[in-house]
Structure formats: C-alpha cells, structure tokens
Amino acid sequence: MHWLSEPRNWALGMGGIGKTTLAESLYKQVSSKFEGSSFAANVRERSKRESELSVRDQVLSEILEENIKIGTSDIPFHIQSRLQRKKVLLVLDDVSNQSQLEILIGKNDRYGPGSRIIITSRDKQVLDNFVSDGYTYEVEKLNDQEALDLFCHYAFKQNNRLGDLMVLAVRVVEYAQGNPLALKLLGSSLYRKSKRDWQSALNKLGRIPNLEIHKVLKISYDALDHENQNIFLDVAFFFKGNDRDHITKILDDCYFSMHSGLTVLIDKSLITISYDKKLHMHDLLQEMAWDIVRQESPKDPGKRSRLCSHDDVYYVLKNNKGTDSIEGIYLEMSKTRDIQFSSKAFVNMSRLRLLIFCNSERYKQSGEISEVHLPLGLDYLPDVLRYLRWDGYPLKSLPQNFTPEHLVVLKLPYSNIEQVWQETEVSPKLKIIDLDGSQFLNSIPNLEDAKSFEVVTLSNCKGIRNFPQVSLSITELNLSGTAIEEISTSICQMKSLRLLYLYRCWNLQSFPEILERMECLEGLYLSEATAIKEIPSSIENLSRLRDLSLVRLRNLETVPSSICNLTNLDVIYLDGCPKLEKLPDNLGNLKKLEALFAKETAISQLPSSIGALCSLIFLNLPYSGLKEITDDLCRLTSLDYLDLSGSKFESLPASINQLSRLRFLYLRDCNMLQSLPELPLHLRSFQAPYCKQLVSFTLPRGIEELNEAQFEIASKRCYKIQRSFSAFIFTHSMKLNHNHNLLAELRFGIESLAIASIKRCCEEETEEVLAVSLNLPGSEIPDWFSHRRSGSFIQIRLPRRSSNERFTGFLLCAVTTFEGSYSGGFAYVRVTYYFDSNYEEEFYCELSIGYVKKGAMEPDHIVLGYSPRMDVDLLKGDYTTASFWFSLIQIKGQSLNHKVKCCGVYPLYIHPKVSKSSSSIEELATINQGSGEIAVDDCYNNDHDDTDGSGSDMSDEEMEPSPNKRIIRGSDSILRIRGGLLLSYCWTLMVCFFCGLCVFRLLESLVIFLSS
C-alpha cells in the first residue's frame, strides 16, 4: 500500500469494509509528524446535521489549534496564509458529494508543502469528478483467517476460543463474507451467549437480516435515484455473476440508460466488475436488496415486485396468488422439489418482465433436472416478457396467445419443445435463443430477416439435420451435437460471425471452401467431426481466426500450409488425429501462436521453423511418436510448458537448459530415453516416470554464491511469502537405481537449487519461496545425510555454528515402500517438524512422489528435497533439537496403508560471500562446511551427545560414536582425514605461492628503483 505517497489519497469501498478503521490507524501512526492535523469523521452525516461550512471551520480550528468560526465559503487571507505555511495531515471520512470536497479541501494551495489528505468514500464518482490525480486504494474484504480472528476477538474477547462454538463461528464468518463491520456486530451480539443462542441467531440470519448491518449498508442505496435503485434490485435478484454486456442487452429498454446505471452502482461500491466483465455483489448487499423488496409486502409475497425465495415462488404459483405487482421471478429449481402449477399460474402477472426457472450447472451435470410440471398446459405468458429462461420446459410449444414482441432472450435448454413459434411471430427485439439439448426439436423458424439476432444455440438438438436459416448479422452459432450433414455456403456471408461451434457433428462430411474473407470469425471448433478428411486451403480467408480446434478428426491426414497465413492464431488443437504425420514446414510464421496441442498424433518430427514461434508458451505433444528433438525446439524463448511424454527419442539436446522460462517439463513413458542433460533452472515440475532405459540425469545448476545482504533480505521475506514446490519425479525409472554415483551428485544439485531459491526470495516481485523435491528408485538414505535412522521419526541435535554461517533450512530424505497393490493417483511424503518442545508451532514440507499408476509398485523409492527455513534463528542457540515425522499421504489428504522405511535429515548451512578488508579478494559462498566429508564428520560426532538425559530414541548412527566405533570405521575416517589434510595442504601451498609471488615482485621493483 502506498499511503501518503501522493498529496491526495483515496480509500474506496462498500459500507463496513474498514475504510474508516484503516484511515484512523494511519492517522494515529503519522499525525505527530505533521505541524497540524485533523480527523473529520462522518462528513456525510455531519454535513446534513450541521453544515459543510461548520465541518470546515472545525477542521481549521484543529489544524491551527484555536477556535475559528468563519461561516462563509471564503477563508480570510490571514488564515489562508497561516495554512499555507503549515505541513498538514487531513483525513475526511465518509465523503458523499463533490461540494463537501470543494469546501473542506479547496484548491491545491490551501495547505503547505508536504501536506497530505486522506479521503474515504463509498462513491468513486465523487473523487473522479473532483480531481483525477492522487493514489486510490480500494479496500478489500478480509480473507477467511483474518475474518475468523476478528470475529473471535469480539465473540470470545480472549484467545481461548471454545471448541464447541468454533464450527458455528465459521458459519458466521461465511455469512459476513469478510465484512469487518458485520463481523464486529455479530461477534459482539454473541458474546457470552450459549450454544443454543448461537444456533438460533444463525437460523434467524438466514431469514431476517441483522438490522444494524443493513442500516449501514442501505445508506448507499438510499442515495440512488429511483431508476438506479431498480437496476440494483434487478442485479441482486436475477443477474449476480452475469456478464455486464449480457445484462445490458436484456434491460436496456427497461431503463433510460442501463450502461450508465451500472457504472453508478460500481462507483458507489454496490457492485463490482471482474476482469471478465462479470458483475458481483457482496452477499450482505444482496440480502439487503431482498429485505428492501420484502418490506414492500411483508406478509403477502404476491404483492412484491420481485421473488427469488423458492418458498415464496412456490406459494405464489401453486396458489395462483400472483398480482400485477410482480415484475420478476427467479427460481433455482435444484433447491426445491418437483412442483406442479396450474395452467393459469401467470394470468394475473401482466407486468412480469423476467421469468427464470433454472437448474445450477453442477445439478445439470449430475444428470438430474428438477422440473416444473404443467399437467393442464399453460394458458398465458405476459407479452411484456423480456427474459424467459425455463430449464426443462415441459410442453411442446409456448402458449398460442403469447406474443413475444418485447422478448430479448429465450432460453429453453433440455426442454420438450417441438416448435418455438410461427415465423411471423419472431420478436423484432430477440437477440439470443438457446434450445440446447431439446431432443424433440427438428427445426427453428426462418430467422434470416431477424436483424437483431446475435446468438443461436442448438447444441445437442439431435433432430436438427439441416443448417438453420439465420440472420447474416449473427455473431455466435452453436450446432455442436446436431445431425447436420453439410454447412451452407451462406456462412461466408455472415460477416459478423465471431464463434462457430461444430463439436461432435458426426454426419458432417466436409468443411466448405471459404470463398470470401471473414474478418470477424475468431473461433472455429470442428472437433470430433470424424468424417472430415481435409481442411480446405481457403481457410486462410478466416484472417482474424484466433482459436482453431480440430480435435479427434480421425481421418484428417494433413493440415494445409495456408493455415500458417493466419497470423492472428493464438491456439491450435490437433489432439487425437492419429493419421496426421507432420506439421506445416512454415509453422514458424505464426508469430502470435501461444499454444499448440497435438497429443496422440503420428507426428514423428517437428519442422525446423518451430523455433521461430516466439510467443509459444504451451507445447503439448505427448504420445505422438517423436523420434528426435533438435536444437530448434530449444529456441522457444517464451516456452513455459512442454509435454513430450511417450516419445521415442533417446536424449534431449544439451541446449534444453537455455529454455529459461520453462517451468513444466513432462517426459512420462519415454521408454527409449537413456540420459538427460542439465535441466533448465526454473523448472517447477519435472516428471520422467516409467522411463525404462533412463540411467542418468543432471539437475539444474543454480547460482553458487550469495552475499550477506541477500541473506538478510531472504531471512526477512521467507516467512512472509507463499511457499511452493519444485518437484523432480523419476518414479519407476528403475535403471536409475543402478547408478551408484547419482545420489552423491544429487547432493550438490539440490544444494545449488537451495541457493537459487534463497536468491529468488530476495527479489521484490517474488511472491513465493521454493522448496525442492525429488523422487527416484532406491532403498537407502544417501551417506551424506548426517542424521539417519530407520522408521518414520527422527530427532536431531542442532549444532552451534560460527557467526559467519547462515542456516537456510533442511535437506530431508525418506525411503518409502508400497506393499502390494496401489489404487493409483498422486501421493507425497509430508514431513512435519518442530523445534525443542514447541509443539504449537509446527512446520511442514511436502515431498512429491508424483502420479503412481494403478497396480503393483516397486517397493522402494527415495524421496528427498529441501525445505527452506531461513526465518528460524538457530545460530544464537535459540533451539537445540528438532523432531521430524514422515508420513505418506494421498492427494486427497488421507494416509496410505504403506510406510516410510527410514528417514534422514541434513541441516543446511551456507557461508555468505563476504569482502575481506585486507584485500580485494572475495570469499565465495560455500555450502555447509565446504571442506568435504571431514567437516561433515565433525558435525556428525559433535551433534549427538545425549546430555539432557531425555532418553530420546536416537539410533547409533545419530549418537556420537565411541572410540571403538571410530576404530571400526577406521579406513573410512582415515580417508576423510587424509582428504581434509590434502585439501588444507593444497590451500597452504597456494597461499605461499601467492605470497612468494608478491615478494618477488616487490624485490624486482626495488632493484629497478636502485638501478635508476
């Protein structure tokens, strides 16, 4: 948040969201740094109760610290000159109109240099009209944890939350939807109440809203004019979550300006609009809208303007209680039982504009459709209907006397409709017709003259055999799942067509020649039209095409090279075309292509031009029989995702590590793959399971040095940012188990990635710190793990380290065994650990096993990785022990009936790179002791004295070895000591050589000087 970075700072948001609290907190923190300050609370109310000039005079009195009463809009010169010499902090809370700002703030020069003004408001338009500069912060709702903490603060007053009430507390938090005011009021009202009182209050909230909350929220609603109030109510009842343009089309004729009305609601924080133009509304505001309409007729729902409660709708329609007061009905049918109405259910509703009977998408996907039954038919629908949606409409036709002259949208999905209406009855305003899944529909009226038509959806209407006659101005046509056999040549004349859906048109024999340029078509979806053998070269006339889907065209043999003239293409789908053997040679012409899908094709080689796809992010070629990967692929500088699973190549080019943006690389079931070069540094997920011939791989080489300043930054940011994982999966690639040098090499690879993770943590734009995870066949903990034991629990002693060493986390390892069969799915090892006896502050790390196929699994696999923990200060001796539990978990979070055979822990310390004061030589960052195994052995011996008598169950390998045990290890220890001595001897020789060289240069200079 950049508060006070600008002279003027705005805080916007709905009522109760916390604008005032935020401004108050900031005012208390910084007001002492200014020469004068004032916090003007409740400007809106005080301006009504007193006057704006009175509020202004009180502000000036507080800033100048004397009683000032001016009473006019003009400020005397002597007062103005005093203000201009003062550095002032002014907060104006809850401003509601522009005149308040003009009087309270005035011109830019009213206050002295360095002054800051903070304004809170619910209405963005007020601020926009007054001035365009300044910093604007839209206050967001609390997240779930913050909301729960705030509610509990008021409901329990202390931190000792009562367990039996916490379930109910969560329900209250869900109701409040992150609104601080609602949480505060509800929490206070439930303080010291019984569980029964809590349950009663929650049940009441579902029916009768909290009046104090709604009193605050209704302020913004009351400030609207009559038309905008009705727009707000329509959105709350019928269109929450809908597309803004869609709503505007439906209601445009109902109101003077629907578009500007929605803008007003957005500016007043009554609704919000998402990135995809969907309208959203806080649940509390929606409940307020429901209550406003309920008050129109508290006891008789038939006399209200809008109905959306299924109980109210059921009562009105079942008992014919409708009146001409009703303008809209919304019934979510999945929330009620199948219902039966009389044929005259709508007879008295002459002003009904909106009728919506719908099933939720999830409910429809389950195959169950709740229905409204009309055993005697339907006699009447109001002619003023603008929006008619009736999922599963039970009749064969609409009422004969229905004249849809105002109808804008007709949606009858999964209906029994056979005929919509006669051609002469087509509404001149109709823009959208959706008859998806209407099995008995054979045709629709001729719509060629319906100039307003925009969208026709006839998907899954299996009785449709002929291409429909629709307006040439149509923008979207969906014929997926129909029985059409050919596409009319008139399609080339549909110059406004943007989207054409032809999924699963199994009878479609060919795609027609595009004889004219179609400059609006952006999406062509021709998937599963299995009879199509070729795509015409004239497809290049679809000059604006962005998405092309040719999925599962079983007989498609070639893709025309002219497709590469479609320079606006973003995505191409070619999955499941088993006869497709090659991609066009000029594929590289598609400079804007971002994704290419060609799964399960016969493509054996990629064109050399593929490296020219400078925008390609997603390349998906699994099980396509690729026999070779060349350096051309490694020129894809934007590539983020690459799937080459099931390919037949033996290796990847070394230049693969040049794909600096690649985060996802998948090589599953590459049975010919034998070795892997150094992998790209920024991989987040690498998977090469079931690669039967794979014998070696090289982890990415990360940055090998860091300085002290970078460690300081990382240690402060590590615990504040989100943790995520970088996983390398080699499950079932069994030949890796025979590479005896691999585990030793992995140590340096993982440690190198650990340093890269720390480096990444230092960068301001980074929002996550990476843990590293690796899984491969094996049955033993690597020797370089300083702490090892059998079983799934291990406790270690933490060493005391010198001041120039920084603890950065743990290297963790487990050997897992899957006994018998496995049901298949994703699995991982969860490591939970804590320090000393601090059970309440647990840490955890997840080491990915990856996806394991159903059936028997090889019994032993090694899972190891790095868990960053830079925020734990172990250097100062704050902790002495750490305890670790390793457990196998399915992706659903349930424990598996398998086990961890043994586990290991390795505390990771790094020497930062520092500058020596005596010379310009810099000491590189080194990992752990830096001098090889001799230092590890020192740590190994010194860290395991059981001096506390706690009797912790540590194995012999963890305890300090006795002299006899050291003799048993003699040869290994002698080798380690000799290695250390040899390293020290080489270091001494190098220093002596350097010093001797310096002395020689000094003597040489002295001789030259004397001879001169």
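Colleague: Help me out: how do you make sense of the overall build of the protein chain in this one?
Modeller: For the protein chain, the helix and strand inventory stands at 22 helices and 43 strands. Within the span of the protein chain, comprising 1012 residues, buried residues form 52% of the whole. For the protein chain, the share of sequence-separated contacts (at least 6 apart) that also reach a separation of at least 24 residues comes to 59%. As displayed, the protein chain offers around 47,800 Å² of accessible surface, 49% of which is attributable to carbon and sulfur atoms.

Colleague: Looking at this structure, I do not really get a negative patch on the surface. What am I missing?
Modeller: A contiguous patch of negative charge on the surface is contributed by Glu-513, Glu-534, Glu-557 and Glu-581. Within the element layout of this structure, Glu-534 appears in the loop between β19 (523–525) and β20 (547–549).

Colleague: What exactly am I supposed to notice about empty space enclosed by the protein here?
Modeller: In this approach the atoms are scanned with a rolling probe the size of a water molecule, which exposes any empty space left behind. Evaluated as defined, the whole model comprises four cavities of 30 Å³ or more. In this structure, the largest cavity occupies an estimated 60 Å³ of space. Considering the residues around the largest cavity, the lining is formed by Gln-605, Leu-606, Pro-607, Ile-610, Glu-628, Ile-629, Thr-630, Asp-632 and Leu-633. A breakdown of the residues in the lining of the largest cavity according to their chemical character gives five nonpolar, two polar and two charged. Every residue lining the second largest cavity is listed: Val-559, Ile-563, Ile-572, Leu-574, Leu-583, Pro-584, Leu-587 and Leu-596. Here the residues of the lining of the second largest cavity sort into eight nonpolar, no polar and no charged.

Colleague: How should the nonpolar core be read in this particular structure?
Modeller: Residues Ile-329, Phe-346, Phe-357 and Leu-667 are the most contacted members of the largest nonpolar core, which totals 157 residues. Ranked by the residues each element gives to this core, the list is headed by helix α19 (residues 742–761), at eight residues. If we skip the residues at most four places from it in the chain, Phe-346 touches Leu-317, Ile-329, Leu-352, Leu-355, Phe-357, Leu-378, Tyr-380, Leu-381, Pro-382 and Trp-390.

Colleague: Please explain the environment of Leu-662 as it appears in this structure.
Modeller: Tracing the backbone through its elements, the reader meets Leu-662 in the loop between β24 (641–643) and β25 (664–666). With a relative accessible area of 0%, Leu-662 lands in the buried category. Here the alpha-carbon distance between Leu-662 and Leu-683, two residues 21 residues apart in the chain, equals 6.0 Å. Those residues within four positions of Leu-662 in sequence are excluded, and the remaining contacts are Leu-639, Asp-640, Tyr-641, Leu-642, Pro-680, His-682 and Leu-683.

Colleague: Is there a simple way to think about the pairing of strand β40 (residues 899–911) in this case?
Modeller: For a regular strand, side chains alternate in direction, first toward one face of the sheet and then toward the other. The element β40 is extensively covered by neighbouring structure, given that eleven of its 13 residues are classed as buried. Note that strand β31 (residues 787–790) and β40 share four bridges and pair antiparallel. Across the sheet, the residue bridging to Arg-789 is Cys-903, located in β40. The pairing of strand β33 (residues 806–817) with β40 spans eleven bridges and is antiparallel. Residue Thr-816 lies in a different strand from β40, and its bridge partner there is Val-900.

Colleague: What am I meant to see in the packing of aromatic side chains here?
Modeller: Centre-to-centre distance and the angle between the planes together describe a pair of aromatic rings. For the coordinates displayed, the defined rule picks out 31 aromatic pairs. With centroids separated by 5.8 Å and ring planes inclined at 90°, the aromatic side chains of Phe-239 and Tyr-387 adopt a geometry described as edge-to-face. Of the two residues, Phe-239 sits in helix α12 (residues 226–239) while Tyr-387 sits in strand β13 (residues 387–390), which places them 148 residues apart along the sequence. Taken as a pair, Phe-239 and Tyr-387 share a single burial class, namely buried. Counting every residue linked through ring pairs, the aromatic cluster contains Tyr-573, Phe-597, Phe-618, Tyr-641, Phe-664 and Tyr-666. Against the face of Phe-34 rests Lys-87, its NZ or CZ located 5.2 Å from the ring centre. Sitting above the plane of the Tyr-666 ring, Arg-668 keeps its charged end 4.6 Å from the centroid.

Colleague: Is there a simple way to explain the pattern of salt bridges in this structure?
Modeller: Close approach of charged atoms allows side chains of opposite charge to pair. Across all of its chains, the model carries 28 salt bridges by this definition. A salt bridge links Arg-304 to Asp-312; its shortest N-O distance comes to 3.0 Å. Judged by relative accessible area, which is 7%, Arg-304 ranks as buried. On the accessibility criterion, Asp-312 (22% relative accessible area) is partly exposed.

Colleague: Please explain the confidence of the model for the protein chain as it appears in this structure.
Modeller: Caution is warranted with low-pLDDT regions, since their predicted coordinates should not be read in detail. Residue-level pLDDT values for the protein chain average 79, and 78% of them are 70 or greater. The weakest mean pLDDT in the protein chain belongs to helix α21 (residues 963–968) at 29; the strongest belongs to strand β8 (residues 306–307) at 96.

Colleague: Sorry, what's going on with helix α7 (residues 144–156) here?
Modeller: Residue pairs spaced three or four apart in an α-helix point in one direction, given the helix's 3.6 residues per turn. Compared with the 18 Å implied by 1.5 Å per residue over 13 residues, the 17 Å span of α7 between its first and last C-alpha is a close match. Of all the residues in α7, the buried ones are Ala-147, Leu-148, Phe-151, Cys-152, Tyr-154, Ala-155 and Phe-156. One side of α7 holds all its buried residues, which, seen down the axis, span an arc of 170°.

Colleague: Before we go on, may I ask you to explain the side chain of Ser-562 in this structure?
Modeller: Tracing the backbone through its elements, the reader meets Ser-562 in the loop between β20 and β21 (571–573). In this structure the side chain of Ser-562 is engaged in a polar contact, spanning 2.7 Å, whose partner is the backbone oxygen of Ser-537. Discounting chain neighbours no more than four positions away, the residues touching Ser-562 are Ser-537, Ile-539 and Glu-540.

Colleague: It is not clear to me how the environment of Gln-177 should be interpreted in this structure. Could you clarify?
Modeller: Structurally, Gln-177 can be placed in the loop between α8 (163–176) and α9 (180–189). For Gln-177, a relative accessible area of 25% corresponds to the partly exposed category. With 106 residues separating them in the primary sequence, Gln-177 and Asp-283 have C-alpha atoms 6.9 Å apart. Once residues lying within four places of it in the same chain are set aside, the contact partners of Gln-177 are Lys-141, His-282 and Asp-283.

Colleague: Where do I start with the pairing of strand β39 (residues 881–890) in this structure?
Modeller: In terms of residue burial, β39 counts as a mostly covered element, since eight of its ten residues are buried. Taken together, the five bridges between strand β32 (residues 793–797) and β39 define a ladder with antiparallel strand orientation. Looking at the pairing, Gln-795 lines up with Ser-883 of β39.

Colleague: Help me understand the packing of helix α13 (residues 244–251) against helix α14 (residues 258–267) in this model?
Modeller: Axis angle and axis distance: for two packed helices, these are the angle between their axes and the distance between the axes, and together they describe the pair. Where α13 contacts α14, the axes come no closer than 9 Å and their chain directions differ by 130°. The angle between α13 and α14 places the two elements in the oblique class. The interaxial crossing formed by α13 with α14 has right-handed handedness. Where α13 approaches α14, its residues Arg-244, Ile-247, Thr-248 and Leu-251 are matched on the opposing element by Met-258, His-259, Leu-262, Thr-263 and Ile-266. In terms of residue class, the contact of α13 with α14 is built from five nonpolar, three polar and one charged.

Colleague: Help me out: how do you make sense of the state of the cysteines in this one?
Modeller: Here, the word disulfide means a covalent bond between the sulfur atoms of two cysteines. Inspection of the entire model under this criterion finds zero disulfides. Cys-670 carries a free sulfur, and the closest cysteine sulfur to it, the one in Cys-691, is 5.1 Å from it.

Colleague: Explain the side chain of Ser-638 to me, please; I cannot follow it from the model alone.
Modeller: Mapped onto the fold, Ser-638 is located in the loop between β23 (618–620) and β24. On the basis of relative accessibility, which here comes to 18%, the residue Ser-638 falls in the buried class. Those residues in contact with Ser-638 that lie beyond four places of it in its chain are Cys-614, Ser-615, Leu-616, Ile-617 and Arg-661.

Colleague: Teacher, can you tell me more about unusual backbone geometry here?
Modeller: Note on backbone geometry: most residues besides glycine have negative phi, and most peptide bonds are trans. Positive phi, close to 55°, is recorded for Tyr-414, a residue that is not glycine. Taking relative accessible area as the criterion, Tyr-414 reaches 38% and is therefore assigned partly exposed. Of note in the backbone geometry, Tyr-623 takes a positive phi value of approximately 55° without being a glycine. If you trace the backbone, Tyr-623 turns up in the loop between β23 and β24. Residue class for Tyr-623 comes out partly exposed when judged on its relative accessible area of 36%.

Parameters and conventions
Starting afresh in each chain, residues are numbered from 1 along the sequence in its written order. Given that this is a predicted model, residues contribute local features only at a pLDDT of at least 70 and side-chain atom pairs are listed and counted only at 80 or more, while totals for whole chains, interfaces and linings are drawn from all residues. No hydrogens and no water enter the side-chain calculation; it runs on all heavy atoms of the structure. Here a strand is any run of E in DSSP of at least two residues, a helix any run of H or I of at least four, and the numbering for each starts at the N terminus. Whether a residue is buried, partly exposed or exposed follows from its accessible area with a 1.4 Å probe, protein chains only, as a fraction of its type maximum: under 20%, in between, or over 50%, in that order. It only takes one pair of heavy atoms within 4.5 Å for two residues to be counted as in contact. Each accessible area is a Shrake-Rupley estimate made with a 1.4 Å probe; only the visible protein chains count as cover when residues are assessed. Patches here: salt-bridge-free residues with over 30% relative accessible area, like charges joined within 9 Å, nonpolar side chains (Val, Leu, Ile, Met, Phe, Trp, Tyr) joined within 5 Å. Salt bridges are defined by distance alone: a side-chain nitrogen of Lys or Arg within 4 Å of a carboxyl oxygen of Asp or Glu. For the charge count, each Lys or Arg is scored as positive and each Asp or Glu as negative, with His and the chain ends excluded. To locate a charge, the coordinates of NZ of Lys, CZ of Arg, CG of Asp or CD of Glu are taken. Cavity and pocket criteria rest on a 1 Å grid covering protein atoms alone: a 1.4 Å probe that fits but cannot get out defines a cavity, protein on both sides within 12 Å along at least 5 of 7 lines defines an open pocket, and an atom within 4 Å of a point defines a lining residue. Grid points are joined across faces, edges and corners, and a volume is the space filled by probe spheres set on the points. Under the grouping applied here, Gly and all other residues not named as nonpolar or charged are polar, the nonpolar ones being Ala, Val, Leu, Ile, Met, Phe, Trp, Tyr, Cys and Pro and the charged ones Asp, Glu, Lys and Arg. We define the nonpolar core as a collection of buried residues of types Ala, Val, Leu, Ile, Met, Phe, Trp, Tyr and Cys that are connected through side-chain atoms lying within 4.5 Å of one another. Paired strands are those between which DSSP finds at least two bridges. Any two rings among Phe, Tyr and Trp, with Trp reduced to its six-membered ring, count as a pair given centres within 6.5 Å; such a pair is stacked if its planes are under 30 degrees apart, edge-to-face if over 60, and tilted if neither. Here, a charge over a ring means that NZ of Lys or CZ of Arg falls within 6 Å of the ring centre while also lying within 35 degrees of the ring normal. Confidence of the predictor at the level of single residues is captured by pLDDT, which takes values from 0 to 100. Any helix carries an expected span of 1.5 Å times its number of residues minus one. Taking the helix axis as origin, the arc is that swept by the directions to the C-beta atoms. Whenever two N or O atoms come within 3.5 Å, that pair is a polar contact, provided that in protein one can donate a hydrogen and the other can accept it, and provided that, for residues adjacent in sequence, both atoms are side-chain atoms. Note on geometry: axes are lines fitted to C-alpha atoms, helical ones only across the stretch in contact, with angles between N-to-C directions running from 0 to 180 degrees. Under this scheme an angle from 65 to 115 degrees is roughly perpendicular, one under 35 degrees roughly parallel, and one over 145 degrees roughly antiparallel; angles in between are oblique. Crossing handedness: left-handed means the near helix sits turned counterclockwise from the far one by under a right angle, and right-handed means the same turn made clockwise. Cysteine sulfur pairs qualify as disulfides if the two atoms are within 2.5 Å.

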